[in-house]
Amino acid sequence: MSETAEVMSRGAADGYDVEAIRADFPILSETVHGKPLCFLDNGASAQKPRQVIDAMRWQFEHCYANVHRGAYDFSERTTAAYEGARETVRAFLNARGDHEIVFTKNATEALNLVAYSLGRGLLKAGDKVLISEMEHHSNIVPWQILRDATGIELVVTPVSDEGEFLMEDYRALLAKGGVKLVAVTHVSNVMGTVTPAKRIVEAAHDAGAWVLFDGSQAVMHMPVDVQELDCDFYVFTGHKLYGPNGIGVLYGREELLERMPPFLGGGDMISSVTFEKSEWADLPAKFEAGTPPITEAIGLAAAIDYVTGVGLKAIGDHERDLLGYAMQRLSAVDGLKFIGTAPDKTAVLSFTMAGAHPHDIATIVDQQGVAVRAGHHCAEPLMHRMGVTGTTRASMGMYNTRAEVDRLGEALDKVNKIFG
């Protein structure tokens, strides 16, 4: 049996039809350098199913208008679609109410929103914000800016040589006192490490700290229930969840969002304005100044409908199968070393190869039609921790197959022939 036939047979047997899913993604039929596209850079930005493309096109072609401001049919219908998208996100995260869902332009803006807003009253000089060694720059830089502006202290909890979140070290830092906010990734963008989110929250709350999760690398791989996690903030971005770019999400606990001042000022986030003062609108409008990403929110809702229709558990099972197969297959490549081997991880593989720079690796495998990422992945401190300047990263998604893993392995063998 051929590899493709084996994949299709296994998919049909376990109810996960990967070939049917691939057919929903028009771009996967493209060729690169004369070879079928093998897209393994989903951790940077995932491809879009036809359902998302069609939803956004329909909105532009048939019913586009600004929201919340028009007493005419198009505006009312667009407003209903936009607010319907908010409800879709609420249900996706199981937030208590849609007023706890704030639309932003991406996860980076959501993180900056929280940092800026907490820093204008709820955090003060001497308070500690705790992050981990595996954070994306977007969950480091805003806190450094806040530290330099207000005098908060930034503390960093370590990870192991395998890339695991070290709970005992984390608890020890909490025990020293003064931690007001824990802001950590749910899944590492470099290593795929899944952090022990529930235990992180329990320990932080016991120490009197709030918890923010960067879920940009999590929500496409597993169900997320913010009430079950009991976190205070959760952020993610649309373009990694098979949705469009230009749309991000901040979930915030209502009582905290009510206490936080606005991040941006302008239209739609006010209830009244005079030259003497302004009054803020109710949640979530208080944090959504100006014309929002209307069609992008509708596209995000379509993406959420798509992945929930397939089933996040089924997607996770498929990706775990790919991860196991990929680790076995790539282990056979001479000189390859994995960076990040935590037992609980998503289908993300970062690696180095003896004698070959990550950018050279990515360039060579691209000639075989295989798209991977190379560099520090916006996580320079983690690179320093792991003793490397950069890695090559293959990040798999719901439409990838074992056959594509084999193509990556064959392309890496070519790298060895060139540099060996």
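None of these values were measured; they are calculated from a predicted model. (Residues numbered from 1 in each chain as written. Predicted model: local features only at pLDDT ≥ 70, side-chain atom pairs only at ≥ 80, totals over all residues. Heavy atoms only, no water.)

Moving on to helix H3 (residues 50-62). Over its 13 residues, H3 runs 17 Å from end to end, which matches the ideal 18 Å to within 8%, given 1.5 Å per residue. Restricting attention to buried positions, one finds in H3 the residues Val52, Met56 and Gln59. When H3 is viewed along its axis, its buried side chains cluster within an angular range of 60° and face the same direction. On its buried side, H3 packs onto helix H4 (73-93) and helix H11 (294-310). (Helix = DSSP H or I, 4+ residues; strand = E, 2+ residues; numbered from the N terminus. Expected span 1.5 Å × (residues − 1). Buried < 20%, exposed > 50% of the residue type's maximum accessible area, 1.4 Å probe, protein only. Arc of directions from axis to C-beta. Contact = heavy atoms within 4.5 Å.)

Across a sheet, paired strands are connected by hydrogen bonds in the backbone, their directions being either parallel or antiparallel. What the 4 strands build is an open sheet, ordered S13-S14-S17-S16; its pairing is antiparallel. Edge positions in the sheet fall to strand S13 (336-339) and strand S16 (373-375), since each of these pairs with one other strand and no more. If you compare each strand with its neighbour and ignore which way they point, the axes differ by 30° on average. Summarising the sheet, strand S14 (residues 348-353) and strand S17 (residues 391-395) pair through 4 bridges and their orientation is antiparallel. Its bridge partner being in S17, Leu349 is matched across the sheet by Ala394. On the sheet, helix H12 (residues 312-331) packs against S13 and S14 and is oriented at approximately 10° with respect to S14. Most of the contacts of helix H13 (residues 358-366) go to S16, to which it runs at about 160°, and overall it touches S14, S16 and S17. (Pairing = 2+ DSSP bridges. Axes fitted to C-alpha atoms, helices over the stretch in contact; angles between N-to-C directions.)

In this section: the pairing of S17. In terms of residue burial, S17 counts as a mostly covered element, since 5 of its 5 residues are buried. In terms of strand pairing, S16 meets S17 through 3 bridges, oriented antiparallel. Pairing of Ala374 across the sheet is with Thr392, part of S17.

The quantities given are spatial measurements derived from coordinates; they are silent on function.
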